[in-house]
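Analysis of the macromolecular model
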Protein chains: 2
Amino acid sequence: MFSKACEYGIKASIFIAVNSREGRRVNPKEIAEEIDSPQAFTAKILQDLVRANLINSVKGAYGGFEINKNEISKIKLSQIVRAIDGDRIYNGCGLGLHTCDETHPCPVHDKFKLVRKELKDLLENTNLEQLALNIKSGASFLKI
Amino acid sequence: MFSKACEYGIKASIFIAVNSREGRRVNPKEIAEEIDSPQAFTAKILQDLVRANLINSVKGAYGGFEINKNEISKIKLSQIVRAIDGDRIYNGCGLGLHTCDETHPCPVHDKFKLVRKELKDLLENTNLEQLALNIKSGASFLKI
DNA sequence: TTTATTTCGGATAATTTTATCCTATTTATA
DNA sequence: TATAAATAGGATAAAATTATCCGAAATAAA
Ligand code: FES
Ligand code: FES
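The following paragraphs examine the structure supplied in this document. (Residues numbered from 1 in each chain as written. Chains lettered and ligands numbered in written order. Predicted model: local features only at pLDDT ≥ 70, side-chain atom pairs only at ≥ 80, totals over all residues. Heavy atoms only, no water.)

**Side note on the interface of chain A and chain B**
Rule in force here: By definition, residues are in contact when any of their heavy atoms lie within 4.5 Å. Once two parts are brought into contact, the accessible area they lose, counted with a 1.4 Å probe and summed over both, makes up the buried area. For this analysis, a polar contact is any N or O atom pair within 3.5 Å, provided that within protein one partner can donate a hydrogen and the other can accept it, and provided that sequence-adjacent residues contribute only side-chain to side-chain pairs.
Of the residues lining the interface, 37 residues belong to chain A; the matching set on chain B comes to 37 residues. At the boundary of chain A with chain B, total buried surface from both sides reaches about 3300 Å², with 68% on carbon and sulfur atoms. Broken down residue by residue, the surface that chain A buries against chain B is led by Met 1, Leu 95 and Pro 107 of chain A, which jointly contribute 19%. Counting across the chain A and chain B interface gives 11 residue pairs in polar contact (both at pLDDT 80 or more).

**Examining the protein's contact with DNA strand C**
Quick note on the threshold: Each residue is tested against the molecule or strand, and it is near if at least one of its non-hydrogen atoms lies within 4 Å. Think of it this way: any DSSP run of H or I at least four residues long counts as a helix, any run of E at least two long counts as a strand, and we number them from the N terminus.
Taken together, 27 residues surround DNA strand C, and among them Tyr 8 and Pro 38 of chain A together with Lys 44, Arg 51 and Ser 57 of chain B come closest. Near the protein, within 4 Å, the atoms of DNA strand C are sugar or phosphate in 70% of cases. Contact between DNA strand C and Tyr 8 of chain A: a phosphate oxygen at 3.0 Å from a side-chain N or O atom of the residue. Arg 51 of chain B has a polar side-chain atom sitting 2.9 Å from a phosphate oxygen of DNA strand C. The set of elements that each furnish at least two residues to the surface near DNA strand C consists of helix 1 (4-20) and helix 3 (39-51) of chain A together with helix 3 (39-51), strand 1 (56-58) and strand 2 (64-66) of chain B.

**Describing empty space enclosed by the protein**
Rules: Every definition here rests on a 1 Å grid over the protein atoms only: cavities are sets of points where a 1.4 Å probe fits but cannot get out, pockets are open sets enclosed by protein on both sides within 12 Å along at least five of seven lines, and lining residues have some atom within 4 Å of a point. Grid points are joined across faces, edges and corners, and a volume is the space filled by probe spheres set on the points. Residue classes follow a fixed rule: Ala, Val, Leu, Ile, Met, Phe, Trp, Tyr, Cys and Pro count as nonpolar, while Asp, Glu, Lys and Arg count as charged, and any other residue, Gly among them, counts as polar.
As enumerated under the stated definition, the model contains 1 cavity of 30 Å³ or more in all. Along the lines of polarity and charge, the residues of the lining of the largest cavity split into 4 nonpolar, 2 polar and 2 charged.

**Description of the protein's contact with DNA strand D**
Every one of the 26 residues lining DNA strand D counts as a neighbour, but Lys 44, Arg 51, Ser 57 and Gly 60 of chain A together with Pro 38 of chain B are closest to it. Taking the atoms of DNA strand D that fall within 4 Å of the protein, sugar and phosphate contribute 68% of them. A distance of 2.9 Å separates a sugar or linking oxygen of DNA strand D from a polar backbone atom of Gly 60 of chain A. Residue Lys 4 of chain B places a main-chain N or O atom 3.0 Å away from a phosphate oxygen belonging to DNA strand D.

See below:
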């Protein structure tokens with residue numbers, strides 16, 4: 001469904017959001033521990049998210065990654081996924097035809113549209129604040 | 001979503017079904033042409049499907065791949081996907097946690113369940129006969 | 001029985017994805 | 001200004017997926 005890179009990117013973003021809400025910056029080591037991911041690889045993905053302007057990085061001593069407090073609720077999961085996996089999840093054909101095209105549908109097109117609709121709904125209507133709050137309250141988990 | 005191998009496997013199965021309905025065996029060369037896939041790789045996937053007892057192979061001259069006429073409507077997409085990609089699509093966590101567990105959910109678990117439900121519906125309630133008929137009638141396509 | 005045809009299966013190669021390592025650059029603080 | 005602490009980024013490496021090749025085994029028909 002999502003690439004490993006994307007899974008790590010989503011979980012890292014949530015962990016950063018949890019901490020940024022409390023004014024704390026975090027570094028790749030902490031992040032990788034909290035989301036159970038390979039540290040250096042995770043750091044690379046964080047770079048992508050910084051370049052996509054979804055998170056901020058601060059170099060040097062006392063630096064780390066953070067998200068602007070009043071941005072947290074504005075960042076949708078879709079933006080993170082798009083920054084890492086592109087939008088094949090939105091536009092790609094379920095059976096790999098060059099394009100998903102209503103007028104030239106693959107055999108599963110009609111039902112696949114429903115799957116994609118549900119996924120789109122998940123990605124478009126979920127923001128980092130909601131996810132951070134659920135982590136904070138212990139309603140959901142980032143690892144194991 | 002599905003692996004390339006699985007995409008090829010699904011499309012190949014449909015093409016075989018279309019032809020088996022008309023009493024015709026097909027070989028990897030034809031199949032690869034009709035579904036626009038690499039021939040040798042497709043042949044490997046066909047072997048998997050044979051081993052999973054979803055399609056039959058006949059060796060030697062005038063051989064090829066076929067599906068028992070009265071099996072065609074009984075083969076569900078889920079069986080093909082399971083034979084090639086396993087059942088991570090059914091049981092896997094959307095964010096890569098070790099297991100998808102109601103009592104230890106990842107941040108997207110609740111909404112991801114709906115996506116999976118839709119996908120399950122697609123896979124469980126679609127059989128090769130329906131798909132073959134749609135190809136035959138020109139309502140759907142296996143390539144481009 | 002011989003031949004031509006076809007799948008089977010193992011070995012290998014290419015590509016993509018995932019992961020690691022090391023140095024350069026930036027920056028806060030002493 | 002010197003130092004220590006961080007991220008940035010390039011170069012590799014490892015692993016998984018995708019793809020190719022070739023000889024062996026099976027089989028139908030001549
Ligand atoms: S054409 Fe395949 S999903 Fe739309
Ligand atoms: S725990 Fe992640 S989808 Fe269920």
